[in-house]
Amino acid sequence: MCGIVGYVGYRDALDVVVDALRRMEYRGYDSAGVAILDGNGSIAVERKAGRLANLEAELAETGHFAGAAGTGHTRWATHGAPTDRNAHPHRDPSGKFAVVHNGIIENFAPLRRELEDAGIELLSDTDTEVAVHLVARAYAEGPTAGDFTGSVLSVLQRLEGAFTLVFTHADHPGTIVAARQSTPLVVGVGDGEMFVASDVTAFIEYTREAVELGQNQAVVITADGYTVTDFFGNTAGVVSRPFTIDWDLAAAEKGGHDYFMLKEIEEQPTAIADTLIGHFVVDEQGGRIVLDEQRLTDQELREFDKVFVVACGSSYHAGLLAKYAIEHWTRVPVEVELASEFRYRDPVLDRSTLVVAISQSGETADTLEAVRHAKEQKARVLAICNTNGAQIPREADAVIYTRTGPEIGVASTKAFLAQIAANYLVGLALAQARGTKYPDEVAREFAELESMPALISRVLESAPKVRAIARELAHVPTVLFLGRHVGYPVALEGALKLKELAYLHAEGFAAGELKHGPIALIEDGLPVIVVMPSPKGRAVLHSKLLSNIREIQARGARTIVIAEEGDDTVRPFADDLIEIPAVPTLYQPLLSTVPLQIFAAEIAQTLGYDVDKPRNLAKSVTVE
Ligand code: M6R
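What counts and how
Residue positions are counted from 1 within each chain, in the order its sequence is given. Under the rules for a predicted model, residues below a pLDDT of 70 receive no local features and side-chain atom pairs below 80 are neither given nor counted, while totals for whole chains, interfaces and linings still include all residues. Only hydrogens and water are set aside when side-chain values are computed; all heavy atoms of the structure are taken into account. We define a nonpolar core as any set of buried Ala, Val, Leu, Ile, Met, Phe, Trp, Tyr and Cys residues linked to one another through side-chain atoms lying within 4.5 Å. Throughout, exposure labels follow a simple rule: accessible area from a 1.4 Å probe, protein chains only, divided by the maximum for the residue type, with under 20% read as buried, over 50% as exposed, and the rest as partly exposed. Secondary structure counts use DSSP, requiring at least four H or I residues in a row for a helix and at least two E residues in a row for a strand, with both numbered from the N terminus. Start and end points for every domain follow an automatic or database-based domain assignment. Should any heavy atoms of two residues lie within 4.5 Å, those residues are counted as being in contact. The span you would expect from a helix comes to 1.5 Å times its residue count less one. By definition, the arc is the one covered by directions from the helix axis to the C-beta atoms. Residues are classed as near a molecule or strand on a simple rule: at least one heavy atom within 4 Å of it. Polar contact is defined as a pair of N or O atoms within 3.5 Å, subject to the rule that within protein one atom must be able to donate a hydrogen and the other to accept it, and that residues adjacent in sequence are counted only when both atoms are side-chain atoms. The protein chains shown are the only cover counted for residues, whose accessible areas, like all others here, come from Shrake-Rupley with a 1.4 Å probe. In the scheme used here, Gly and all other residues not listed as nonpolar or charged are polar, with Ala, Val, Leu, Ile, Met, Phe, Trp, Tyr, Cys and Pro taken as nonpolar and Asp, Glu, Lys and Arg as charged. Two rings from Phe, Tyr or Trp (for Trp, the six-membered ring) form a pair when their centres are within 6.5 Å of each other. A pair whose planes differ by under 30 degrees is stacked, one over 60 is edge-to-face, and the rest are tilted. Salt bridges are identified by distance alone: a Lys or Arg side-chain nitrogen within 4 Å of an Asp or Glu carboxyl oxygen.

**Observations regarding the nonpolar core**
Working step 1: Counting 95 residues, the largest nonpolar core has Leu 498 and Phe 599 as its most contacted members.
Working step 2: Per element, the largest residue contribution to this core is 14 residues, and it comes from helix α14 (residues 414-434).
Working step 3: When we break this core down by domain, the ones giving at least three residues each are domain 2 (260-459) and domain 3 (463-606).
Working step 4: Sequence-distant contacts of Phe 599, that is, excluding residues within four places in its chain, are made with Val 466, Ile 469, Ala 470, Leu 473, Val 479, Leu 498 and Ile 529.

Below you can see the structure in the form of structure tokens.
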């Protein structure tokens, strides 16, 4: 997740900006840069791939950039590899404009073509660079010529996607123009100085007065004040939210939570929305799914006769869900395998096999070795990854990035949900290429995915109830999780979360397997969490699971049931009921997983454990 800062005031801008970037390091980044306005018509820019220390070393060599205004950026790569060339700020050819950006400009391809047709040479692979060239052109000629703010606004009206953009112009050293659409931007209000930033950690040292911008708003800051408008320059009806920051720095980084994981659970609606951006492009046929780095042709997607999914831990559970979707939509057989087992059993792979490797970090040794084995056997590899430039996407033939920003908590939450969404994109891309789904059906499934962020937000509202149940159960020795069909991987994921965070014995079962052994574990008061399928879509499964609940209740289990809103048949069998919105079967895991994450985190906190750093675990496991 990129970090952005802009400053106008009386202090040394370079110091302010570099300090702010240091405080936003927790957001994760792979390159950093600054632009400082000297007040005499020039902007000095420095940018470097890698850690902030690399940028600081470069700055130490170039000499201090003096000035009282500037911008800074830490980049979490999306379009284009994490290199010096792609690092922000980006400039126009005159060197007068500079821009920093967080997010994705979805329509950058036609805009880039328009600029290239006009003879402009783009120097990076980023989507960002188009914005600065367009603003420079609007400033050079036409109705907004010579008008800095007007030029920026005219370009904002043309951009699609999710973005925070901050522009500076060398001849306007006292003014910064910024804007947001979907991604965050806060204004810091100082005395004789003003800030804009991705989050308040950037300026908390200087001021505690802040203003949160609304959607599709622009802000112009000078040392003495700020003006918020819509993208057309109107102030009427434009509402922004002033607030006073009462967190310390550590709490501010965690969005006011005690742990990053809790913040990451809350970020899930945004994580899904961002992961979907740009993956559905409207065309004459109604629209089509596109992958990120699509190095597989439609012809290749048509020729695969088998799919393997390889992954570890939570990513493996997301992979199990891929099987349901891909087989259902494409009728291509899918095997899901733990990456650590895959290459040791000599799987049958060849040119017509697609291997989908899922990894949040993109560095997990087991998954990486599975990818290498698949490639040696001539299979084609598609990676689903959260980290641009990591080894697995580098070695893969195609990539879909889960754009959740960095996941700092060791327990995977937002990356897991985003992996499910990405799996479904793979399924839809295959179905579209193979013609097993009509374009309007693909569009409908994509619309279901797009509806998920709002529904996940609704599930998050049930957190107080889930936490109360968790606190009551914090001292039990064992918790069992049951599910069927897509509810089964959710049960496995719920159990994994509880094991890794609360160090409790937890097991996930396919509910139908109960009677083949695990039912012997049931005893008086044993908590069993049941993920109920919809009574509509899979009525047979629903009634089978009701029977399973009856069996365990009869043996004294305490049943905690996650069920669809309005599913009254389940009420008599639920000692505790957690309701989630009704959605088509395949999409339910995106909702039913969320209470299980909250449950595990709350038990761990009640027991006094560090939720972000569970014992014995590492965020990325780079040994086999
Ligand atoms: O980075 P990866 O997705 O490859 O990591 C795989 C597992 O190590 C990871 O999902 C692990 O199971 C998490 N801690 C689960 O919360």
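**Some details on helix α18 (residues 539-554)**
Working step 1: For α18, which comprises 16 residues, the first-to-last C-alpha distance of 23 Å matches the rise-based estimate of 22 Å (1.5 Å per residue) to within 8%.
Working step 2: Regarding α18, the residues found buried are Leu 541, His 542, Leu 545, Leu 546, Asn 548, Ile 549 and Ile 552. Buried residues of α18, viewed axially, fall in a sector of 165 degrees; they line one side. Projecting away from the buried face of α18 at angles above 90 degrees are the exposed residues Val 540 and Ala 554.
Working step 3: The inward-facing, buried residues of α18 abut β22 (478-483), β24 (527-531) and β25 (558-564).
Working step 4: Phi turns positive one or two residues past the end of α18, at Gly 556, with a value near 95 degrees.

**Examining the site of the ligand**
Working step 1: Neighbouring the ligand are 13 residues, the closest being Ser 315, Ser 359, Gln 360, Thr 364 and Glu 500.
Working step 2: Between an oxygen atom of the ligand and a side-chain N or O atom of Ser 315, the distance comes to 2.6 Å.
Working step 3: Taking 410 Å² as the accessible area of the ligand by itself, protein coverage stands at 90%.
Working step 4: Of all elements in the fold, only α10 (313-330) and α17 (487-502) reach the threshold of two or more residues within the shell around the ligand.
Working step 5: No other element matches the 3 residues that α10 contributes to the shell around the ligand.
Working step 6: The residue inventory of the shell around the ligand, partitioned by class, reads 3 nonpolar, 8 polar and 2 charged.

**Notes on the domain arrangement of the chain**
Working step 1: Taken domain by domain, the chain comprises domain 1 (3-252), domain 2 (260-459) and domain 3 (463-606).
Working step 2: Using only C-alpha atoms to locate each centre, domain 1 and domain 3 end up separated by 46 Å.

**So, the packing of aromatic side chains**
Working step 1: Under the counting rule described, the total for this entry stands at 11 aromatic pairs.
Working step 2: Measuring from ring centre to ring centre gives 5.1 Å for Tyr 7 and Phe 195, while their planes differ by 50 degrees; the resulting arrangement is tilted. Here Phe 195 lies in strand β10 (residues 194-197) and Tyr 7 lies in strand β1 (residues 3-8), a separation of 188 residues in the sequence.
Working step 3: With relative accessibility at 0%, the residue Tyr 7 sits in the buried group.

**A look at unusual backbone geometry**
Only a minority of non-glycine residues have a phi that is not negative, and only a minority of peptide bonds are not trans.
Working step 1: With an omega of 0 degrees, the peptide bond running from His 88 to Pro 89 counts as cis.
Working step 2: Tracing the sequence through the fold places Pro 89 in the loop between β4 (69-75) and β5 (90-91).
Working step 3: Non-glycine residue Asp 346 carries a positive phi angle of around 55 degrees.
Working step 4: The phi torsion at Lys 378 lies on the positive side, around 75 degrees, for a residue other than glycine.
Working step 5: Within the fold, Lys 378 resides in the loop between α12 (365-376) and β20 (380-385).

**Concerning α14**
Working step 1: Across its 21 residues, α14 extends 30 Å between first and last C-alpha, which sits within 8% of the 30 Å expected from 1.5 Å per residue.
Working step 2: Along α14, 20 of the 21 residues are buried, which leaves the element largely enclosed by surrounding structure.
Working step 3: Gly 435 lies just past α14 and shows a positive phi near 75 degrees.

**What to know about the environment of Val 332**
Working step 1: Take Val 332: it is sitting in the loop between α10 and β18 (334-338).
Working step 2: Exposure remark for Val 332: the relative accessible area of 3% places this residue in the buried category.
Working step 3: Residue contacts for Val 332: discarding those within four places in its chain leaves Phe 304, Asp 305, Lys 306, Val 307, Glu 327 and Arg 434.

**Describing the pattern of salt bridges**
Working step 1: For the coordinates displayed, the defined rule picks out 35 salt bridges.
Working step 2: Close ionic contact of Glu 212 with Arg 241 constitutes a salt bridge, the shortest N to O distance being 2.8 Å. Here the residue Glu 212 occupies a position in strand β11 (residues 209-212), and Arg 241 occupies one in strand β14 (residues 241-244), the gap between them amounting to 29 residues.
Working step 3: Between Arg 458 and Glu 565 there is a salt bridge whose closest N-O contact spans 2.7 Å. With Arg 458 in helix α15 (residues 439-460) and Glu 565 in the loop between β25 and β26 (576-580), this pair connects stretches of sequence that are 107 residues apart.
Working step 4: On the basis of relative accessibility, which here comes to 37%, the residue Glu 565 falls in the partly exposed class.
Working step 5: One network of salt bridges, in which partners are shared, links Glu 300, Lys 375, Arg 380 and Asp 397.

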